[in-house]
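So you can see what is in the structure, the chains are spelled out below.
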Amino acid sequence: MSKFRMLRVGIWNDMDFVSCGNDAKLIYMYLVSGPNSTNITGLSVSPIRRSAIDIPMSEERVRTGYGELAEKGLLIHEEETNVVFLPQEMLANPPETWQQLKGYFNTLIEIADGEIKNEIISLLTDFSKSRINSENDKYMSTYRWGIDRVWCGYGVGMVSHTSGTPIRSEPHTMPHGDKYKYKEKYKNKYKEKEKYKNI
């Protein structure tokens, strides 16, 4: 396990986070830096009971904090698999090298299938597409080769080995450049879940 975890400075300018209660803020910090966090930015495998013991606070307070963060689009939680994801952290700190991207996928193999795993793969796909089309990165030829190597290892060809151009032609965006759109998506997902709970 890494000795350090990165917490973005900009989180203190995020009004959704700043408006959270102290319990929710503490839980967020714990999920970013706690012993159950993974090498994937923002991803933890942490049962609510374990979080409650580590912080410490009651399980009820942890659940309430999770709900508050989820309502603001800052957290996705799958209680049946104990997987928790803070998407804004990945959007702000995407993988910088293809080796880091490969490490992410090695970890994802061990993560239970579900909404969170699919969401992370979607974000990494968007990010990879944006990087391989960038013309402003002096390391792009190496990164382009590396991304292709990683994705092909998972059955997805992202770029052509010969031309270095994307095989897929659909529109792409840089995830962390459009983070507010993503946050609204997560807020709406939470609302949908709550709606079905009340039926």
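Here the structure is shown first, and the text comes after it.
Residues numbered from 1 in each chain as written. Predicted model: local features only at pLDDT ≥ 70, side-chain atom pairs only at ≥ 80, totals over all residues. Heavy atoms only, no water.

K.L.:
Pulling in residues and values, what's your account of the sheet that holds strand 1 (residues 43-45)?
P.N.:
A sheet is described by the order of its strands in space; here three strands give the open sequence 1-3-2, paired in antiparallel fashion. The sheet terminates laterally at strand 1 and strand 2 (76-78), the two strands that pair on one side only. Here the average twist between neighbouring strands, direction ignored, is 10 degrees. (Pairing = 2+ DSSP bridges. Helix = DSSP H or I, 4+ residues; strand = E, 2+ residues; numbered from the N terminus. Axes fitted to C-alpha atoms, helices over the stretch in contact; angles between N-to-C directions.)

K.L.:
How would you explain the nonpolar core if you had to name every residue and give the values?
P.N.:
If you look at the biggest cluster of nonpolar residues, it comprises 21 residues, and the most contacted ones within it are Ile-27, Tyr-28, Leu-31, Val-62, Tyr-66, Leu-69 and Leu-75. Elements with a contribution of two residues or more to this core: helix 2 (22-33), helix 3 (48-54) and helix 4 (59-71). No other element matches helix 2, which puts six residues into this core. (Core = buried A, V, L, I, M, F, W, Y, C linked by side-chain atoms within 4.5 Å. Buried < 20%, exposed > 50% of the residue type's maximum accessible area, 1.4 Å probe, protein only.)

K.L.:
So what about helix 2? Which residues, and what values?
P.N.:
Residues three or four positions apart in an α-helix share a direction because the helix packs 3.6 residues into each turn. With twelve residues, helix 2 should cover 16 Å at 1.5 Å per step; its first-to-last C-alpha distance of 17 Å lies within 8% of that length. Among the residues of helix 2, Ala-24, Lys-25, Ile-27, Tyr-28, Tyr-30, Leu-31 and Val-32 are the ones counted as buried. Close packing links the buried residues of helix 2 with helix 1 (15-18), strand 1, helix 3, helix 4, strand 3 (83-85) and helix 5 (87-92). (Expected span 1.5 Å × (residues − 1). Contact = heavy atoms within 4.5 Å.)

K.L.:
Give a detailed account of the packing of helix 2 against helix 4, specifying residues and quantitative values.
P.N.:
For the pair helix 2 and helix 4, the least separation of the axes is 8 Å and the interaxial angle reads 85 degrees. Here helix 4 runs roughly perpendicular to helix 2, going by the angle between their axes. Two secondary-structure elements touch here, helix 2 through Asp-23, Ala-24, Ile-27, Tyr-28 and Leu-31 and helix 4 through Arg-61, Val-62, Gly-65, Tyr-66, Glu-68 and Leu-69. For the contact of helix 2 with helix 4, the residue count by class is seven nonpolar, one polar and three charged. (Parallel < 35°, antiparallel > 145°, perpendicular 65-115°, else oblique. Nonpolar A, V, L, I, M, F, W, Y, C, P; charged D, E, K, R; others polar.)

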